[in-house]
Amino acid sequence: MVLKGKMVIGQSGGPTSVINQSLVGAIIEARQHGEITGILGAHHGIAGIMNEDFIDLTTQSDEELERVANTPAAGLGSVRLKPGKAECERVFEVFKKHDVRFFFYIGGNDSAETAHIIAEMAREANYDFCTVHIPKTIDNDLRVTDHCPGFASAARFVALAFIGDDRDNAALSGIKINVVMGRDAGFLTAASALARQAEGDGPHLIYVPERAFDVARFQSDVKAVVAKYGRCVVAVSEGITDADGHPVMTSGERDSHGNLQLSGTGALGDFLSTKVKEAYAGESVRVRADTFGYLQRSFPTVVSEVDASEARMVGAFGVSQAVANGEPGSVAIRRLSSVPYKSECFMTPLSTVAREATSLKDEYINAESNDVTEAWLDYVRPLVGDLPKIGRLF
């Protein structure tokens, strides 16, 4: 189906360091196609569409677009909103008013669900229209795709943070617990393993949501590492759960998609620190905890080159495919080779990505459920890129 009309592009969910690369890739590609008669940016995603709050992206200079592309976080503003029937009806009212025939939504699985809802409503209404989901998420938990734009840069941040934190811990020995983002998937926490460059380097223990977390086992793991190395650095996902599947720590708050707010307050780190101190039964032990929080998802200067390139690629590919065939879908990445690294884009139906998420494969987690495997490092290392080599005097 050949379409002609304006396009709307929006950003949704948690920002990343490279989400604007996808935005700019889509804009630049759209300018090459006469079928797209205008480019509108939705200010704060679906909320902006309903309010007709648009930014005209048709005439910005290439220089300004490149500055935006290299700026972290959502340049158009983001939103966490799951539209219901009334909201979708308002969206279509606005699209028809502005002769919008293409809609591109940059986001994770919740955003893919929103795109899927809108695509289905367009089909039911016989409105000639194409909806394309452009992937992003630091959680790396979208189905079908090999990995998600935004993840590699956040993983690079985590690896670099653990390199520095491990050296700090080695200089003044103690027990350090770092809580990393990851509600249901441990990809980002697992990336901390890239910090290791020699025997004895931390993180010494890695806990992800894919395995039940046992406090007593955690306490014994920490004590065993301290006995071996005289210190211990721990990486733990904010979304760890107990044997019954209940989060170890949560605020109880939920967003419009039903997602629980987890460790943003630092409560999980405090809880685990207390449990470590209890394990030492009154002995003098130095225990500290940090929660990385939002810093890891939009930090400048630590962007992965592969991540920036692929984020630009998925934005451009989504537009080119929409213009070529007018079919709704989600852009995904296929890894062709790890050494040397090479990838390509392809389209997958929105229904295969919407709402449901994926998680770390069993082969990436060790048998003791407190570390990752070499297979995981082989997967993640090409995405993150080279890391600085540390010097040692002891």
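Residues numbered from 1 in each chain as written. Predicted model: local features only at pLDDT ≥ 70, side-chain atom pairs only at ≥ 80, totals over all residues. Heavy atoms only, no water.

## Comments concerning the overall build of the protein chain
Turning to step 1, where the next piece is worked out: For the protein chain, the count of helices and strands is eleven helices and eleven strands.
Turning to step 2, where the next piece is worked out: Computed over C-alpha atoms, the radius of gyration of the protein chain comes to 22 Å, within 12% of the 21 Å expected from 2.2 N^0.38 for 394 residues, which places it in the range of a compact globule.
Turning to step 3, where the next piece is worked out: Expressed as a percentage of its 394 residues, the buried residues of the protein chain come to 54%.
Turning to step 4, where the next piece is worked out: A separation threshold of at least 6 residues defines the contact pool for the protein chain, and within that pool the share at least 24 residues apart is 78%.
Turning to step 5, where the next piece is worked out: When the accessible surface of the protein chain is summed, it comes to about 16400 Å², and 49% of that surface belongs to carbon and sulfur atoms.
Turning to step 6, where the next piece is worked out: Of the charged side chains in the protein chain, 39 are positive and 52 negative; the average position of the first set lies 2 Å away from that of the second. (Helix = DSSP H or I, 4+ residues; strand = E, 2+ residues; numbered from the N terminus. Rg over C-alpha atoms; globule rule 2.2 N^0.38 Å. Buried < 20%, exposed > 50% of the residue type's maximum accessible area, 1.4 Å probe, protein only. Contact = heavy atoms within 4.5 Å. Areas by Shrake-Rupley, 256 points an atom, 1.4 Å probe, with all protein chains shown as cover. Lys, Arg positive; Asp, Glu negative; His and termini not counted. Charge placed at Lys NZ, Arg CZ, Asp CG, Glu CD.)

## Here we look at the environment of A152
Turning to step 1, where the next piece is worked out: Inspection of the secondary structure assignment puts A152 in helix α6 (residues 151-171).
Turning to step 2, where the next piece is worked out: Of the residues examined, A152 reaches a relative accessible area of 4% and is grouped as buried.
Turning to step 3, where the next piece is worked out: Taking the C-alpha atoms as reference, A152 lies 8.7 Å from G385; in sequence the two are 233 residues apart.

## Regarding the sheet that holds strand β10 (residues 329-338)
Turning to step 1, where the next piece is worked out: Overall, mixed pairing links the seven strands, which are arranged β3-β2-β1-β4-β5-β10-β11 in an open sheet. Strands at the two margins of the open sheet, each flanked by one partner only, are β3 (54-56) and β11 (341-348). Each strand of the sheet is rotated relative to its neighbour by a mean of 30 degrees, with strand direction disregarded.
Turning to step 2, where the next piece is worked out: Packed on one face of the sheet, helix α11 (residues 374-384) meets β10 and β11 and runs near 105 degrees to β10. (Pairing = 2+ DSSP bridges. Axes fitted to C-alpha atoms, helices over the stretch in contact; angles between N-to-C directions.)

## Re the pattern of salt bridges
Turning to step 1, where the next piece is worked out: As enumerated under the stated definition, the model contains 21 salt bridges in all.
Turning to step 2, where the next piece is worked out: Here E52 makes a salt bridge to K97, at a shortest N to O gap of 3.0 Å. Separated by 45 residues along the polypeptide, E52 in the loop between α2 (45-50) and β3 and K97 in helix α4 (residues 85-97) bring together distant segments of the chain.
Turning to step 3, where the next piece is worked out: The partner of D371 in a salt bridge is R196, with the nearest N and O atoms 2.9 Å apart. Of this pair, D371 sits in the loop between β11 and α11 while R196 sits in the loop between α7 (187-190) and β7 (205-207), and the two are 175 residues apart along the sequence.
Turning to step 4, where the next piece is worked out: By relative accessible area, D371 is classed as buried at 16%.
Turning to step 5, where the next piece is worked out: Overlapping salt bridges bring together D166, R167, D201, R231 and R392 as one network. (Salt bridge = Lys/Arg side-chain N within 4 Å of Asp/Glu carboxyl O.)

## Description of the sheet that holds strand β6 (residues 175-180)
Turning to step 1, where the next piece is worked out: An order of β7-β8-β6-β9 is seen for the four strands of this open sheet, with the pairing classed as parallel. Of all the strands in the sheet, the pair left with one neighbour each is β7 and β9 (287-291). With strand direction ignored, the average angle separating the axes of adjacent strands in the sheet is 15 degrees.
Turning to step 2, where the next piece is worked out: When β6 meets β9, the two strands line up parallel, connected through five bridges. In the strand pairing of β9, V179 is matched with T291.
Turning to step 3, where the next piece is worked out: This element, α6, spans β6 and β8 (232-237) of the sheet and lies at about 165 degrees to β6.

## Focus: helix α9 (residues 267-279)
Turning to step 1, where the next piece is worked out: A rise of 1.5 Å per residue sets the reference length of α9, with its 13 residues, at 18 Å; its end C-alpha atoms lie 19 Å apart and thus fit the reference within 8%.
Turning to step 2, where the next piece is worked out: Turning to α9, its buried residues number three or more, namely L268, G269, L272, S273, V276 and A279. Buried residues of α9 fall within an arc of 135 degrees about the axis and therefore sit on the same side.
Turning to step 3, where the next piece is worked out: A281 occupies a position one or two residues after α9 and carries a positive phi of about 45 degrees. (Expected span 1.5 Å × (residues − 1). Arc of directions from axis to C-beta.)

## What to know about the packing of aromatic side chains
Each aromatic ring pair is characterised by the separation of its centres together with the angle its planes make.
Turning to step 1, where the next piece is worked out: Taken as a whole and judged by the stated rule, the model has 20 aromatic pairs.
Turning to step 2, where the next piece is worked out: A ring pair is formed by F92 and Y127, whose centres lie 5.9 Å apart and whose planes are at 85 degrees; its orientation type is edge-to-face. On the criterion of sequence distance, the pair formed by F92 in helix α4 and Y127 in the loop between α5 (109-124) and β5 (130-135) is long-range, its members being 35 residues apart.
Turning to step 3, where the next piece is worked out: Judged by its relative accessible area of 7%, F92 is buried.
Turning to step 4, where the next piece is worked out: The class for Y127 is buried, based on a relative accessible area of 10%.
Turning to step 5, where the next piece is worked out: Ring-pair connections join several aromatic residues into one group, and the members of that group are F92, F95, F103, Y105, Y127 and F129.
Turning to step 6, where the next piece is worked out: When the ring centre of Y280 is taken as reference, the NZ or CZ atom of K223 above it lies at 5.1 Å.
Turning to step 7, where the next piece is worked out: One cation-aromatic arrangement involves R297 over Y294; the distance from NZ or CZ to the ring centre is 3.9 Å. (Phe/Tyr/Trp six-rings, centres within 6.5 Å; stacked < 30°, edge-to-face > 60°. Lys NZ or Arg CZ within 6 Å of the ring centre and 35° of its normal.)

## Comments concerning the environment of P340
Turning to step 1, where the next piece is worked out: When you line up the elements, P340 lands in the loop between β10 and β11.
Turning to step 2, where the next piece is worked out: Owing to a relative accessible area of 65%, P340 belongs among the exposed residues under this scheme.

## Things to note about the nonpolar core
Turning to step 1, where the next piece is worked out: In this structure, F151, F162, L188, L360 and W376 are the most contacted members of the largest nonpolar core, which totals 37 residues.
Turning to step 2, where the next piece is worked out: At the level of elements, α6, α7, β8 and α11 are the ones that each hand at least two residues to this core.
Turning to step 3, where the next piece is worked out: Looking at this core, the element that brings in the most residues is α6, giving nine residues.
Turning to step 4, where the next piece is worked out: Beyond its immediate stretch of four places on either side in the chain, F151 contacts T137, I138, N140, F187, L188, D307, W376, V380 and L383. (Core = buried A, V, L, I, M, F, W, Y, C linked by side-chain atoms within 4.5 Å.)

## Considerations on the packing of helix α1 (residues 19-30) against helix α10 (residues 305-325)
Turning to step 1, where the next piece is worked out: Look at α1 against α10: their axes get within 7 Å of each other, and the N-to-C directions meet at 40 degrees. In this view, α1 runs oblique relative to α10, as classed from their interaxial angle. Judged by the twist between their axes, the crossing of α1 over α10 is right-handed. For the pair α1 and α10, the contacting residues are Q21, S22, V24, G25, A26, I28, E29 and A30 in the first and A308, A311, R312, V314, G315, A316, V319 and S320 in the second.
Turning to step 2, where the next piece is worked out: When grouped by side-chain class, the residues that make up the contact of α1 with α10 number nine nonpolar, five polar and two charged. (Parallel < 35°, antiparallel > 145°, perpendicular 65-115°, else oblique. Left-handed = near helix turned anticlockwise from the far one by under 90°. Nonpolar A, V, L, I, M, F, W, Y, C, P; charged D, E, K, R; others polar.)

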